[in-house]
Amino acid sequence: MAVEKLSTGVRQEQIAQAVLGLIATRGAKGLSVAAVARRVGLAPSALYRHFENKDQMLNAAIDLFQAQVLTHLEEVEGESPHCLERLHRLLVRQVRMIRENQVVAMPRIVFSDNLYGRNPQKRFQVYKILESFIEKLSDMILEGKKRGEIHAGIEPTSAARVFLAIFQSSGIFWFLSDGEFDVTRYAEKAWRIFKRSVEASSSPWKVNRYSH
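Conventions used here
- Residues numbered from 1 in each chain as written.
- Predicted model: local features only at pLDDT ≥ 70, side-chain atom pairs only at ≥ 80, totals over all residues.
- Heavy atoms only, no water.
- Helix = DSSP H or I, 4+ residues; strand = E, 2+ residues; numbered from the N terminus.
- Contact = heavy atoms within 4.5 Å.
- Areas by Shrake-Rupley, 256 points an atom, 1.4 Å probe, with all protein chains shown as cover.
- Salt bridge = Lys/Arg side-chain N within 4 Å of Asp/Glu carboxyl O.
- Buried < 20%, exposed > 50% of the residue type's maximum accessible area, 1.4 Å probe, protein only.
- Patch = residues over 30% accessible without salt bridge, like charges linked within 9 Å, V, L, I, M, F, W, Y side chains within 5 Å.
- Core = buried A, V, L, I, M, F, W, Y, C linked by side-chain atoms within 4.5 Å.
- Axes fitted to C-alpha atoms, helices over the stretch in contact; angles between N-to-C directions.
- Parallel < 35°, antiparallel > 145°, perpendicular 65-115°, else oblique.
- Left-handed = near helix turned anticlockwise from the far one by under 90°.
- Nonpolar A, V, L, I, M, F, W, Y, C, P; charged D, E, K, R; others polar.

Engineer: Quick rundown of the overall build of the protein chain? Include the residues and the values.
Structural biologist: A count of helical and extended segments in the protein chain gives 9 helices and 0 strands. Each helix and strand of the protein chain, placed in order from N terminus to C terminus, yields the pattern α-α-α-α-α-α-α-α-α. A sequence separation of at least 24 residues applies to 64% of the contacts in the protein chain between residues at least 6 apart. Total accessible area on the protein chain stands at roughly 12,000 Å², and carbon and sulfur atoms take up 52% of it.

Spelled out as C-alpha cells, the structure:
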C-alpha cells in the first residue's frame, strides 16, 4: 500500500505530534525513531528526510507544543472581550490538551535524564516558554483589572501562576491515574474557586496601599 505523499511541513508536524504522544504515554524510554515511524506510518529511514536525528524531532515537539499554546491564547482573545471568559475558554482548551496527552509530555521531557534533564540549555528553553505564557496571561489579567473585571488587589503575575497551576495539577493527576482521573470536572471546580478569588464583584482581596 502506497504511503500518502504529504508536504514536509505536514510530515514534520505529524512527527512532532507523535513524539509528544510517545513521551506522554511511554516516557523517555519509549521514544525511538522506530516508534515514531510506526505512529506516523512511515519507514524509519523516511523520517530522516525531515529531521537529521531524534534530538531535532524532540525540539520540533517542543516548538509544536509552544505553538499550540500560543494559538489557544490568540483564539480566546478573538472570542470574547472579557478577561474571565477568555481565561475559562483557555482552560477548556488546555484540558483538552491534557486529555490528548500533550501537556503530560512536557514534565516528562524536562525531568528525564535521557532527554532534557542533563542539558541546562534545553531546560531553560522550556522555562522561557512557560515564562512567555505567564507573561501573556499576566497581560490579560492586567487588562481585566483595568476594565474592572478583576479585583484591584490582585497581582497579575501571581494570579497567572495560580491559573497555570490548575491545569498543571490536572495533568499530573491525569497521568498518575492512567487517564481515570476526571480532569474536566476537577478543572471546572478549580476554575470556580479561582474565579471567585479574583473577580472584582466577589474577590476577598483588599488593596494594600503599602504593597509594591
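So, next bit.
Engineer: Give me the lowdown on the pattern of salt bridges, citing residues and values where you can.
Structural biologist: Under the counting rule described, the total for this entry stands at 8 salt bridges. Notably, a salt bridge pairs Glu 131 with Arg 161, separated by 3.1 Å at the nearest N-O pair. Linking Glu 131 in helix 7 (residues 120-146) with Arg 161 in helix 8 (residues 156-176), this pair joins segments that are 30 residues apart in sequence. Glu 199 is the salt-bridge partner of Lys 195, the closest N and O atoms lying 3.1 Å from each other. You can call Lys 195 partly exposed: its relative accessible area is 27%. In the salt-bridge network here, residues are joined through shared partners; they are Glu 75, Glu 79, Glu 85, Arg 89 and Arg 93.

Engineer: Any chance you could break down a nonpolar patch on the surface for me, citing the residues and the numbers?
Structural biologist: A grouping of Ile 172, Phe 175 and Leu 176 is seen on the molecular surface, where their side chains present a nonpolar patch of about 290 Å² in accessible area. Within the secondary structure layout, Leu 176 lies in helix 8. Using a relative accessible area of 60% as the deciding quantity, one classes Leu 176 as exposed.

Engineer: Outline the nonpolar core, listing residues and values.
Structural biologist: In this structure, Leu 87, Leu 91, Phe 133, Leu 137 and Phe 163 are the most contacted members of the largest nonpolar core, which totals 32 residues. Secondary-structure elements contributing two or more residues to this core are helix 4 (54-79), helix 5 (83-99), helix 7, helix 8 and helix 9 (183-198). Ranked by residues supplied to this core, first place goes to helix 5 with 8 residues. Not counting chain neighbours up to four residues away, the residues in contact with Leu 91 comprise Phe 163, Ile 166, Phe 167, Ala 187 and Trp 191. By size, the runner-up hydrophobic cluster in this structure holds 28 residues, among which are Ile 15, Ala 37, Phe 51 and Val 126.

Engineer: I'd like to hear about the environment of Arg 196, residue by residue, with values.
Structural biologist: Considering the arrangement of structural elements, one finds Arg 196 in helix 9. Its relative accessible area of 48% is what places Arg 196 among the partly exposed residues. For Arg 196 and Ile 150, which are 46 residues apart along the polypeptide, the C-alpha to C-alpha distance reads 10.0 Å.

Engineer: A description of the packing of helix 7 against helix 8 should follow, citing residues and the corresponding values.
Structural biologist: For the pair helix 7 and helix 8, the least separation of the axes is 8 Å and the interaxial angle reads 120°. Taken together, the axis directions place helix 7 and helix 8 in an arrangement best described as oblique. Seen from above, helix 7 lies across helix 8 with right-handed handedness. Listed contacts from helix 8 to Glu 131, Phe 133, Ile 134, Leu 137, Ser 138, Ile 141, Leu 142 and Lys 145 of helix 7 are Pro 156, Thr 157, Ala 159, Ala 160, Arg 161, Phe 163, Leu 164 and Phe 167. Split into classes, the residues belonging to the contact of helix 7 with helix 8 amount to 11 nonpolar, 2 polar and 3 charged.

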